[in-house]
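Understanding the architecture of this molecule
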Amino acid sequence: MTKRVAFVTGGNGGIGSAICRELVVQGHKVVAGYFPPEKESAEAWQKQMHEDGVAIGLAGVDVADFQDCERAINEITEEFGPVDILVNCAGITRDGTLKKMPEENWKAVMATNLDSAFNVTRHVINGMLERGWGRIVNIASVNGQRGQFGQANYSAAKAGMHGFTMAVALETAAKGITVNTVSPGYIATAMTEAMPDEVLQSIINSVPMRRMGKPEEIANTVAWLASEANAYTTGANIPVNGGLFTSH
Ligand code: CAA
């Protein structure tokens with residue numbers, strides 16, 4: 001199997017960690033992107049991963065900042081090699097109903113969850129096109145597919161992310177690159193832990209599988225989409241949600 005350089009934004013997060021682990025298991029050289037103010041906890045996370053036998057590179061990058069993404073991708077390319085696998089996984093929530101949503105909560109979520117896909121992908125796409133190989137996986141959400149009370153910002157950004165996936169998939173399909181979205185349902189991570197208990201419980205009760213998903217269940221799907229084996233699925237939105245939302 002060809003060993004590739006994989007860059008996972010939000011790599012030290014709940015879902016990101018599982019994706020990094022799985023890509024290492026698949027034999028890739030993995031670099032986890034973290035939000036620069038979280039340097040200390042990201043380094044502790046990296047140390048823990050090393051102790052678990054999982055070697056991962058680290059790159060501080062503000063995915064909401066186009067120039068900072070350019071700097072980070074250049075540095076990763078120099079230190080590890082050109083990025084062949086990109087997983088856009090960095091994301092935040094600023095939940096609240098629209099009638100009360102401050103502009104800053106709209107802007108923060110759009111910048112971190114949607115602008116980021118452009119900001120990072122823009123700096124790896126030409127290299128992938130030149131080399132004639134690439135795998136891009138965008139982590140969206142079931143709530144981008146069906147909407148969620150209290151998430152006008154998050155639902156809009158995640159729906160937008162799949163629009164980005166579809167367009168870039170078409171632009172790159174003839175060049176050995178696949179671009180896909182994975183839309184997780186409610187996964188056991190710090191993000192869902194931050195939800196009000198009763199709201200989370202009522203959502204779990206509405207999941208046909210009656211449980212939350214595990215980060216590894218997302219990671220397995222991402223690893224397949226990022227593999228050599230996936231040469232023909234592109235522009236797709238793969239749901240991993242326990243049946244919470246089904247569609248054509
Ligand atoms: N459907 C319909 N009505 C609802 C509702 C729902 N799901 N939830 C609340 N309401 C109603 C309440 O009953 C209340 O009604 P009244 O005014 O008639 O009493 C009203 O809406 C409350 O509105 P507020 O604006 O006052 O809302 P709030 O301050 O109570 O907070 C909230 C609402 C912030 C949205 C809170 O319910 C919440 O945090 N919900 C969780 C949203 C969510 O699912 N987030 C996902 C986070 S994890 C993630 O994002 C990962 C992923 O991809 C899945």
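Structure: above.
Computed from a predicted model, the values in this text were never measured in an experiment.

Right, let's get into the overall build of the protein. Looking only at helices and strands, one finds ten helices and seven strands in the protein. Relative to the compact-globule value of 18 Å for 248 residues, the protein shows a C-alpha radius of gyration of 17 Å, a close match. Seen through its principal axes, the protein has C-alpha atoms that stretch 45 × 40 × 35 Å. Counting only residues that meet the buried cut, the protein has 51% of its 248 residues in that class. For the protein, restricting intrachain contacts to residue pairs at least 6 apart in sequence, the fraction spanning at least 24 positions comes to 76%. For the protein, the exposed surface amounts to about 11800 Å²; the carbon and sulfur share of it is 54%.

So, about helix α1 (residues 14-25). The terminal C-alpha atoms of α1, which comprises twelve residues, lie 17 Å apart, in line with the 16 Å expected from a rise of 1.5 Å per residue. Buried residues dominate α1, accounting for nine of its twelve residues. Those residues of α1 that sit buried are Ile15, Gly16, Ser17, Ala18, Ile19, Cys20, Glu22, Leu23 and Val24. Taken from the residues just after α1, glycine 27 is the one with a positive phi, measuring 100 degrees.

Glancing now at the packing of helix α3 (residues 66-80) against helix α4 (residues 103-121). Packed helices, taken two at a time, are described by their axes: the angle between them and the distance between them. Axis separation between α3 and α4 bottoms out at 8 Å; the angle between their running directions is 40 degrees. If you check the angle between α3 and α4, you find them oblique. Note on packing geometry: the crossing formed by α3 with α4 is right-handed. Contacts between α3 and α4 pair Phe66, Cys69 and Ile73 from the former with Phe118, Asn119 and Val120 from the latter. Partitioned by chemical class, the residues of the contact of α3 with α4 number five nonpolar, one polar and no charged.

Before going further, it helps to spend a moment on the site of the ligand. Not every one of the 21 residues close to the ligand is listed here, only the nearest: Asp95, Thr97, Ser141, Tyr154 and Tyr186. Between the ligand and aspartate 95 there is a distance of 2.7 Å, counted from a nitrogen atom to a side-chain nitrogen or oxygen. Mapped onto the shell around the ligand, the elements with two or more residues apiece are α8 (190-193) and α9 (197-205). Looking at the shell around the ligand residue by residue, the class counts come to eight nonpolar, ten polar and three charged.

Looking at the largest pocket, its volume works out to about 1100 Å³. Lining the largest pocket we find 48 residues, and of these Gly91, Ile92, Thr93, Tyr154 and Met191 sit closest to its centre. For the lining of the largest pocket, the elements supplying multiple residues, two or more each, are α1, β2 (29-34), α6 (142-146), α7 (152-172), α8 and α9. Grouping the constituent residues of the lining of the largest pocket by class yields 24 nonpolar, 19 polar and five charged.

Moving on: the nonpolar core. Of all hydrophobic cores here, the largest spans 32 residues; its most connected members are Ile19, Leu23, Ile56 and Val87. Going through the elements one at a time, β1 (5-8), α1, β2, α2 (39-51), β4 (83-88), β5 (134-139) and α10 (215-225) are the ones with two or more residues in this core. A total of six residues in this core trace back to one element, the largest contributor, which is α1. Counting residues in hydrophobic clusters, the runner-up holds 27 residues, among them Phe7, Ile125, Met161 and Val179.

Right, let's talk about the state of the cysteines for a bit. A complete count under the given rule lists zero disulfides for this structure. Free of any disulfide, cysteine 69 has its nearest neighbouring cysteine sulfur in cysteine 89, separated by 14 Å.

Along the polypeptide, asparagine 143 turns up in helix α6. Of the residues examined, asparagine 143 reaches a relative accessible area of 4% and is grouped as buried. Not counting the four nearest positions on each side in its chain, asparagine 143 is found in contact with Gln148, Gln151, Tyr154, Ser155 and Tyr186.

Conventions used here
Residues numbered from 1 in each chain as written. Predicted model: local features only at pLDDT ≥ 70, side-chain atom pairs only at ≥ 80, totals over all residues. Heavy atoms only, no water. Helix = DSSP H or I, 4+ residues; strand = E, 2+ residues; numbered from the N terminus. Rg over C-alpha atoms; globule rule 2.2 N^0.38 Å. Buried < 20%, exposed > 50% of the residue type's maximum accessible area, 1.4 Å probe, protein only. Contact = heavy atoms within 4.5 Å. Areas by Shrake-Rupley, 256 points an atom, 1.4 Å probe, with all protein chains shown as cover. Expected span 1.5 Å × (residues − 1). Axes fitted to C-alpha atoms, helices over the stretch in contact; angles between N-to-C directions. Parallel < 35°, antiparallel > 145°, perpendicular 65-115°, else oblique. Left-handed = near helix turned anticlockwise from the far one by under 90°. Nonpolar A, V, L, I, M, F, W, Y, C, P; charged D, E, K, R; others polar. Near = heavy atom within 4 Å. Polar contact = N/O pair within 3.5 Å; in protein donor to acceptor, adjacent residues only side chain to side chain. 1 Å grid on protein atoms, 1.4 Å probe; cavity = no way out; pocket = protein on both sides within 12 Å on 5 of 7 lines; lining within 4 Å. Points joined across faces, edges and corners; volume = space filled by probe spheres on them. Core = buried A, V, L, I, M, F, W, Y, C linked by side-chain atoms within 4.5 Å. Disulfide = S-S within 2.5 Å.

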